[in-house]
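Secondary and tertiary structure notes
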Amino acid sequence: MTRPFLDTLLPVIRDAATLIEQIRETGAASRTKADRSPVTEADERAEALIVAALKRIDPETQIVGEEACEADGKPAVAERFWLIDPLDGTRSFLDGGADYSVNIGLIDKGAPVFGMVMAPRTGTIWAGIVGDGAWRFDGDEKTAIRCRVLPARPVVVTSRSHNDDRTMAYVARIPGADVKPSGSSLKFCMIAEGEADVYPRFGPTSEWDTAAAHAVLLAAGGAMVDVAGAPFRYGKADYLNGPFLAWGDPAAYAALPSITG
């Protein structure tokens, strides 16, 4: 049962976002992790807040958080587990941008089943329960969201800070594509609410980067596959993702270039 998490986690993710913004306003020092990515007090304190809440809400389920994995090592994979990225887009956060997000995802038997993503700068939340629906929250307003039919000029979202030649070569194979760079997991949410259509990714990501927003996308009617064209899965021993293709209109898959090319 994932429906109760929708209500119980809304105040949790809002509290994490408020904490992040408070730290941003007072100045956030950073250090570099072993993988050369930055980490700040906001990452660590927001993760601690979310983990503490999940232990109260769902004490039987394993929790895998990005910063805990950095500090303590990556735990053995469970059948059902939470994947937490407390601050996806730390570089944008440090640079004064707005493309960063808080991410809480639930995985069951390798598949995302629930996800919640929040953009702290705007206060917008996207949430999805796979098989039940997806929603956008703006303050007290809750709106159901759905992926759109692929238009004649598809909007392709790409990473703002991790674009590569392979990504741009892929985009060039989509006739009339309009490229829209964006940061963090917000790219998935743009597709889920019908503001974009396709997200190809060839560069490295971790499972906590994508799990929550992947669930939102699936709940909104979208899809995501790995390089072999199979449904994208979670629970790898190293929690690292390979290349993937995410898109909004399932019927349009045959019209999109393969990411194996």
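In this convention, every chain numbers its residues from 1, walking through the sequence in written order. Totals for whole chains, interfaces and linings use every residue, but because this is a predicted model, local features are given only for residues with pLDDT of at least 70 and side-chain atom pairs only at 80 or more, for both listing and counting. Excluded from the side-chain calculation are hydrogens and water; included are all heavy atoms of the structure.

1. Describing the overall build of the protein chain
What counts, and what does not: By definition, any uninterrupted DSSP run of H or I lasting at least four residues is a helix, any uninterrupted run of E lasting at least two residues is a strand, and each is numbered from the N terminus. Here the globule rule is a power law, 2.2 Å times the number of residues to the power 0.38, and the radius of gyration is based on C-alpha atoms. Type-normalised accessible area, obtained with a 1.4 Å probe on protein chains alone, sets the label of each residue: buried when under 20%, exposed when over 50%, and partly exposed for intermediate values. Contacts between residues were defined by any pair of non-hydrogen atoms, one from each residue, lying within 4.5 Å. Values of accessible area rely on a 1.4 Å probe in the Shrake-Rupley scheme; residue burial ignores everything except the protein chains shown. Residues scored as charged are limited to Lys and Arg (positive) and Asp and Glu (negative), so that His and the chain ends carry no count. Charge positions are represented by NZ for Lys, CZ for Arg, CG for Asp and CD for Glu.
For the protein chain, the count of helices and strands is 7 helices and 16 strands. A globule of 261 residues ought to have a C-alpha radius of gyration of about 18 Å, and the protein chain, at 17 Å, matches this closely. Taking the principal axes of its C-alpha atoms as reference, the protein chain extends roughly 45 × 40 × 40 Å. Within the span of the protein chain, comprising 261 residues, buried residues form 54% of the whole. Within the protein chain, contacts between residues at least 6 apart in sequence are counted, and of these 62% link residues at least 24 apart. Accessible area for the protein chain stands at about 11100 Å²; split by element, carbon and sulfur atoms hold 51% of it. Separation of charge centres in the protein chain, based on 27 positive and 36 negative side chains, amounts to 3 Å.

2. Concerning the sheet that holds strand β4 (residues 80-88)
What counts is decided by this rule: Note on pairing: DSSP must find at least two bridges between two strands before they are called paired. An axis is simply a line fitted to the C-alpha atoms; with a helix, the fit covers only the stretch in contact. Between two such axes, the angle follows the N-to-C directions and lies from 0 to 180 degrees.
The strand order across the open sheet formed by 7 strands is β3-β4-β5-β6-β7-β8-β9, and the pairing between neighbours is mixed. A strand with exactly one partner marks an edge of an open sheet, and here the two such strands are β3 (62-65) and β9 (141-144). Taken pair by pair, the neighbouring strands of this sheet meet at an average axis angle of 15°, ignoring direction. Across 7 bridges, β4 lies against strand β5 (residues 101-108) in antiparallel orientation. The residue bridging D85 from the neighbouring strand is N103, located in β5. In this fold helix α1 (residues 3-26) packs onto β4, β5, β6 (111-119), β7 (124-129), β8 (133-138) and β9, with an angle of close to 35° to the strand it touches most, β6.

3. Considerations on the UniProt feature "binding site: Mg(2+) 1" (unreviewed entry) in the protein chain
Note the cut-off: UniProt positions are given in the numbering used here, feature names are shortened, and annotations may be inferred rather than shown by experiment.
The positions UniProt marks with the feature "binding site: Mg(2+) 1" (unreviewed entry) are E66, D85 and L87. Separation in sequence by 22 residues is not matched in space for these annotated residues, since their most distant C-alpha atoms are only 9.2 Å apart. Summarising the element assignment, D85 is placed in strand β4. Classification of D85 as buried rests on a relative accessible area of 0%. Those residues in contact with D85, other than ones at most four positions away along the chain, are E66, S101, V102, N103, W208 and D209. Note on placement: L87 falls in strand β4. What makes L87 buried here is its relative accessible area of 1%. If sequence neighbours within four positions are ignored, L87 has contacts with I20, T40, A42, D43, F93, Y100 and S101.

4. Topic: α1
The cut-off we apply is this: By definition here, a helix of n residues has an expected span of 1.5 Å times n minus one. For a residue, the bend is simply the angle between two axes, fitted respectively to the seven-residue segment ending there and the seven-residue segment starting there.
Counted at 1.5 Å a residue, the expected span for α1 with its 24 residues is 34 Å, and the 36 Å between its end C-alpha atoms agrees. The largest bend in α1 comes to about 40°, at L9, with the proline P11 one to four residues further on. Residues of α1 that are buried include every one of F5, L6, L9, L10, V12, I13, A16, A17, L19, I20, E21 and I23, and no others. At the exit of α1 stands G27, carrying a positive phi of roughly 100°.

5. What to know about helix α5 (residues 165-172)
Under the convention used in this document: By arc we mean the arc of the directions from the helix axis to the C-beta atoms, nothing more.
Every buried residue of α5 is listed here: T167, Y170 and V171. In an axial view of α5, the angular spread of the buried residues amounts to 100°, which keeps them on one side of the axis. Exposed side of α5, more than 90 degrees from the buried face: D165 and A172 are the residues found there. Looking at the packing, one finds that the buried side of α5 touches β10 (155-159), β11 (178-182), β12 (198-201) and β16 (244-247).

6. With respect to the UniProt feature "binding site: Mg(2+) 2" (unreviewed entry) in the protein chain
Sites flagged by UniProt as "binding site: Mg(2+) 2" (unreviewed entry) map to D85, D88 and D209. Look at the named residues: they lie 125 residues apart in sequence, but the longest C-alpha span between them is just 6.5 Å, so in the fold they bunch up. With respect to the helices and strands, the residue D88 is situated in strand β4. Contact partners of D88, with chain neighbours within four places excluded, come to D99, Y100, S101, N103, S184, S185 and D209.

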